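What the coordinates show
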Amino acid sequence: MSQSVYLPSEEFARKAHVPDIKAYRALYSRAEKDPEAFWGEIAEREIHWFERWSRVLDWNPPFARWFAGAKTNVSYNCLDRHAASHRKNKAAILWEGEPGDQRALTYQELHRLVVRFASVLKSRGYRAGDRAIIYMPMVPELPIAMLACARLGIIHSVVFGGFSAEALKARIQDLGTTLVITADGGFRRGKEVSLKTAVDEALNDCPGVREVIVYRRTGSEISMKSGRDFWWHDLDAAASEDCPAEHLDSEHPLYVLYTSGTTGKPKGILHTTGGYLTHITATMKWVFDLREEDTYWCSADIGWVTGHSYIVYGPLSAGATTLMYEGAPDFPRFDRWWRIIEKYRVNIFYTSPTAIRALIRQGEQWPDAHDLSSLRLLGSVGEPINPAAWEWYYRVIGKQRCPIVDTWWQTETGGIMIAPMPGAVPLKPGSATLPLPGVVPEIVDFHGQPMGDNREGFLILRQPWPGMIRNIWGDPERYKEQYWSRVPGAYFTGDAARRDSDGYYWVLGRVDDVMNVSGHRLSTMEVESALVRHPAVAEAAVVGKPHEITGQAVCCFVTLKRGDWNHDQLGNELRQWVSREIGAFARPEEVRFSDALPKTRSGKIMRRLLREIVTSNSVTGDVTTLEDLSVVAKLASQQDEE
Ligand code: WT7
C-alpha cells in the first residue's frame with residue numbers, strides 16, 4: 001500500500017466548494033441519514049423543473065424512479081436557462097479540430113443551433129420516444145445533435161466513431177432506430193476516418209431506418225441515397241428558430257449507451273432525465289470544484305459515457321466552458337494536448353491513465369516546453385491509475401500544485417461515485433479515495449457477506465442513486481440478473497476492490513470476463529464471437545493480458561479448422577478481422593494458435609488458466625477439472641519458444 005498522502009494547498013482548500021474533511025463528512029452523513037431529503041434539496045437547487053415531483057424516490061428494487069411525476073428537460077437545463085442569464089455570451093463550447101481549425105460557441109449561439117436542429121427533427125416527424133443513433137466525429141454538431149434529441153425527448157444513442165459497420169448495425173437494430181445522424185467523416189492522425197460509408201454498409205440490413213442526416217466535416221466524396229440521406233446544412237437552411245423544450249417526465253429516457261457485458265451481445269444501458277441530470281450536475285461541482293471562470297477540458301471521446309456526462313451534459317448543465325478536441329494527442333506531435341492547455345488556459349483537465357502512460361513514454365520535454373500554469377485540478381478515469389503514473393501526472397503536469405481526482409464510476413452509474421472532493425479529502429495515489437455523498441459502497445465476499453478492511457472482495461453499492469442505470473434496453477431480465485442478483489437488494493459492480501483502514505477504496509479491476517483496454521470496456525466473448533466468424537477459426541478463447549500502456553491488451557487463443565495455414569499470415573489477418581468486426585480499439589495484441597483449448601469436463605473454456613498463462617506464463621491454479629492437461633502445458637511452453 002502506498003504510504004504517501006497528499007493534501008491540497010491551503011489556497012486551494014480555502015476556495016473550494018467543500019473546503020475540509022469536516023464539511024465532506026457533514027454532507028456524507030446528511031445523505032446517509034435521509035437520502036431523499038438530501039437529493040431533493042440538490043435537485044431543487046441545481047436543476048430547473050417545469051413541475052415539481054411528488055416523491056424523490058420510488059424504489060421498487062431493482063427498478064427506481066427518481067423525482068417521479070416531475071417535469072424537466074435536459075436541453076433546457078443545459079442551454080435555455082444559461083442563455084437567459086449572465087452566461088448568455090459565455091463560451092459554452094471551445095472546440096479545436098485536429099487540422100487546427102477552431103470554433104467558440106457561446107451559450108446563446110449553442111442554444112440557437114440546437115433549437116434549429118431540433119426544429120428540423122420535429123418538422124420531419126420525429127417525436128418523444130423515437131430512437132436516433134448518432135455516429136459522428138468530435139465536432140460541435142455531435143453535442144448539438146444530442147441536445148436537439150434531448151430537447152424533444154428523442155432517445156439518442158451515440159456510437160463511438162471507432163466502431164465498425166458491424167457494431168453500428170447491431171446497435172441500430174437492437175434499439176429499433178428510425179433516424180441516423182452522421183457525418184461524411186472525421187480527422188484522426190491526419191487521415192480521414194470515413195463514417196458515412198460505414199453507415200451505408202450497416203443500413204443494408206436495417207430496413208427500419210427512415211432517414212440519415214449527414215453533417216459535412218471533411219468534404220470528401222460520399223454517396224447520398226436519394227429520399228433517405230439529407231445534408232445537415234440543407235435542412236438547416238430551412239430551419240425554424242422556435243422550438244421550445246418539451247416538458248418531459250423526470251423518468252423519460254434520455255439515452256441508451258451500449259457497453260460490453262459478459263456475453264457477445266453488448267448491453268444498452270438506459271439513462272433517464274431528472275435523476276441523471278441531478279447526479280452529474282452535483283458531481284461537476286463536488287469533484288471538479290467548478291468555478292464560473294474555469295476552462296474545463298475532458299479529453300475523452302463523447303462516444304463513451306465519460307464524454308456524455310463530463311463533456312456534454314454535466315459541464316453544460318453547470319454552466320461551464322467545456323473544451324472539445326477532435327483528434328489524436330500525438331498529432332502532429334506529442335505535445336498537442338499541452339499546446340491546447342497552454343493556448344486555451346485550461347484550468348481543469350480530465351483524462352485516462354492509459355493516455356498518461358503513453359505520454360510518459362514520450363518524455364517530459366513535451367509538457368516542459370509549454371506553460372501549464374493555468375492548471376488548477378487534474379482528473380483521472382477509466383481504470384485504476386498506477387501510483388507511478390499518478391506521481392508523474394502530479395509532478396510533471398500539475399507541478400505539484402494541482403490535486404488529482406481519481407474518479408471511479410461506470411457507464412451504468414451515469415456519474416462519478418467514488419472520488420475525492422479535492423479541497424477536502426487527502427489523496428493517496430492509486431486510490432479513488434472516499435464515496436461521494438449518497439453513495440454507499442461495501443466490499444463483500446463470494447456469498448455477499450461484508451468483509452473487513454484491507455481485504456479484497458467484490459465492490460457493491462447498497463443504495464440507489466439518482467444517475468443509476470434504469471434498465472438494459474429491451475432486456476429487464478438481464479438487468480436484474482446482471483446487477484441485482486449476486487447480492488440481493490444491492491448493485492453488483494463487477495469490480496474487485498479493497499477498503500483500507502482509513503476507509504479509502506482501492507479498485508483493482510474487473511472480476512468478470514470483461515477486459516479494460518485503454519479504459520474501454522471490451523468483452524472477451526465479443527472478441528471470441530468475432531473470431532469464430534472467420535472461416536479458418538474453429539474455436540477461440542480471449543483473455544486480457546497486462547500491458548504497460550493500455551492496462552490490458554487483447555490476447556487470443558485460437559484453434560483452426562483443418563487446412564494448411566500459414567500462422568504468421570493468419571495471425572495478422574485475424575487481428576485485422578477483429579478490428580473490422582468490432583473496431584480498431586479491439587485489435588488483438590497477440591494471436592496464439594493451439595491444437596485445443598483447456599476446458600472443464602462440462603466444456604467450458606477455462607479462461608482463468610489462459611489468463612495465468614499470459615500473465616505469469618505458468619499455471620499454478622487448480623486444474624483437477626481439466627479435461628486435457630497437456631493442452632495447458634503446451635500453451636504455456638509455446639511462449640518460451642517465441
Ligand atoms: C469500469 C467501467 C467511468 C467511465 C469510463 C469507463 C473501471 C473506471 C476507474 C477508476 C479504477 C476504474 C472499473 C469500472 N474504472 N474508473 N478511477 N479506478 N477502475 O466506463 O466502460 O463503463 O467501465 O472501468 O473497472 O467497472 P466503463
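Each value, and the rule that gives it
Residues numbered from 1 in each chain as written. Predicted model: local features only at pLDDT ≥ 70, side-chain atom pairs only at ≥ 80, totals over all residues. Heavy atoms only, no water. Helix = DSSP H or I, 4+ residues; strand = E, 2+ residues; numbered from the N terminus. Rg over C-alpha atoms; globule rule 2.2 N^0.38 Å. Buried < 20%, exposed > 50% of the residue type's maximum accessible area, 1.4 Å probe, protein only. Contact = heavy atoms within 4.5 Å. Lys, Arg positive; Asp, Glu negative; His and termini not counted. Charge placed at Lys NZ, Arg CZ, Asp CG, Glu CD. Near = heavy atom within 4 Å. Polar contact = N/O pair within 3.5 Å; in protein donor to acceptor, adjacent residues only side chain to side chain. Areas by Shrake-Rupley, 256 points an atom, 1.4 Å probe, with all protein chains shown as cover. Pairing = 2+ DSSP bridges. Axes fitted to C-alpha atoms, helices over the stretch in contact; angles between N-to-C directions.

1. Let's talk about the overall build of the protein
The helix and strand tally for the protein stands at 20 helices and 30 strands. The C-alpha radius of gyration of the protein comes to 24 Å, within 12% of the 26 Å expected for a compact globule of 642 residues. The principal-axis extents of the C-alpha atoms in the protein amount to approximately 70 × 65 × 55 Å. Buried positions account for 61% of the 642 residues belonging to the protein. Considering only intrachain contacts with a sequence separation of at least 6, the fraction spanning at least 24 residues in the protein is 70%. The centroid of the 75 positive side-chain charges in the protein is displaced by 2 Å from the centroid of its 81 negative side-chain charges.

2. Considerations on the site of the ligand
If you check the shell around the ligand, you find 17 residues, and the closest are Asp406, Thr407, Thr411, Asp495 and Arg521. With respect to the ligand, the backbone of glycine 382 contributes an N or O atom lying 3.1 Å from a nitrogen atom. One of the side-chain N or O atoms of aspartate 406 is found 2.7 Å from a nitrogen atom in the ligand. Protein contact buries 96% of the 550 Å² of open area that the ligand shows by itself. Those elements that provide at least two residues to the shell around the ligand are α11 (305-317), β20 (404-407) and β25 (505-510).

3. Comments concerning the sheet that holds strand β21 (residues 441-444)
Pairing is antiparallel across the open sheet formed by four strands, whose spatial order is β21-β22-β24-β25. Edge positions in the sheet fall to β21 and β25, since each has one partner strand and no second. Each strand of the sheet is rotated relative to its neighbour by a mean of 45°, with strand direction disregarded. Sheet analysis places strand β22 (residues 457-461) next to strand β24 (residues 491-499), joined by four bridges and oriented antiparallel. Paired with glycine 457 across the two strands is alanine 497, which belongs to β24.

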